[in-house]
Amino acid sequence: MIAKISTGSYVEGMVKYNHEKIKEVPEGEEKGLLLSVNNIKSNDFKDIVDAISSYNSLNQNVTKPNIHISLSFHKDDILDNDTINKIADDYMKDMGYNDQ
């Protein structure tokens, strides 16, 4: 497994990057799935941006409050969604982000 970690301050761009992956895609391509979300109760783009922006405003001293972590698995790894969620949850816990 490879983890790519990036940070930033532009909430809309971060959410759009992920949101585009779960929208309808051209025939023949697989649509992304939103597997796990904590503390955001809606899949609506604006609601997600508002929720994250609200959290970000709690500490004005942090200049790049957003973190995006992509976990990539080897092409031969055959993992179901429950296993991927477990790996992601364990990874976030080990990184200290389990309550995010």
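What you are looking at is a predicted structure, and each value in this text was computed from that prediction instead of being measured. (Residues numbered from 1 in each chain as written. Predicted model: local features only at pLDDT ≥ 70, side-chain atom pairs only at ≥ 80, totals over all residues. Heavy atoms only, no water.)

A. Seen up close, the confidence of the model for the protein. In this model, the protein carries an average pLDDT of 87, and 99% of its residues clear a pLDDT of 70 or more. Per-element mean pLDDT across the protein ranges from 86 in helix 1 (residues 11-22) up to 92 in strand 1 (residues 2-8). (pLDDT = per-residue confidence, 0-100. Helix = DSSP H or I, 4+ residues; strand = E, 2+ residues; numbered from the N terminus.)

B. Region of interest: the nonpolar core. Residues Val11, Met14, Val15, Ile48, Val49 and Ile52 constitute the largest nonpolar core, which totals six residues. If we ignore the near neighbours within four places in the chain, the residues touching Val11 are Val49, Ile52, Ser53, Asn56 and Asn66. (Core = buried A, V, L, I, M, F, W, Y, C linked by side-chain atoms within 4.5 Å. Buried < 20%, exposed > 50% of the residue type's maximum accessible area, 1.4 Å probe, protein only. Contact = heavy atoms within 4.5 Å.)

C. Seen up close, the environment of Lys75. Position of Lys75 relative to the elements: it lies in the loop between strand 2 (66-72) and helix 3 (81-95). The spacing of Lys75 and Lys93 is 18 residues in sequence and 25 Å in space, taken between C-alpha atoms.

D. Structural context of helix 2 (residues 45-56). Between its first and last C-alpha, helix 2 extends 17 Å over twelve residues, near the 16 Å set by a 1.5 Å rise per residue. What helix 2 keeps buried is the set Ile48, Val49, Ala51, Ile52 and Asn56. Buried residues in helix 2, looked at end-on, bunch into an arc of 165°, giving them a common side. On its buried face, helix 2 sits against helix 1 and strand 2. (Expected span 1.5 Å × (residues − 1). Arc of directions from axis to C-beta.)

E. Quick look at the environment of Thr83. Here Thr83 lies in helix 3. Along the primary structure Thr83 and Phe73 are separated by ten residues, whereas in three dimensions their C-alpha atoms are 12 Å apart.

F. Main features of the layout of surface pockets. Volume-wise, the largest pocket comes out at about 2,000 Å³. Around the largest pocket, the lining comprises 43 residues; the ones closest to its centre are Asn18, Leu34, Ser36, His68 and Ile69. Only helix 1, helix 2, strand 2 and helix 3 provide two or more residues apiece to the lining of the largest pocket. A volume near 190 Å³ is recorded for the second largest pocket. Sorting the residues of the lining of the second largest pocket by element identifies strand 1, helix 1 and strand 2 as the ones contributing at least two each. When residues of the lining of the second largest pocket are assigned to their parent elements, the largest contribution, four residues, is made by strand 1. Residue classes in the lining of the second largest pocket are distributed as three nonpolar, seven polar and one charged. (1 Å grid on protein atoms, 1.4 Å probe; cavity = no way out; pocket = protein on both sides within 12 Å on 5 of 7 lines; lining within 4 Å. Points joined across faces, edges and corners; volume = space filled by probe spheres on them. Nonpolar A, V, L, I, M, F, W, Y, C, P; charged D, E, K, R; others polar.)

G. Spatial organisation of the side chain of Asn85. For Asn85, the location among the structural elements is in helix 3. Beyond its immediate chain neighbours, meaning those up to four positions away, Asn85 contacts Leu35 and Ser36.

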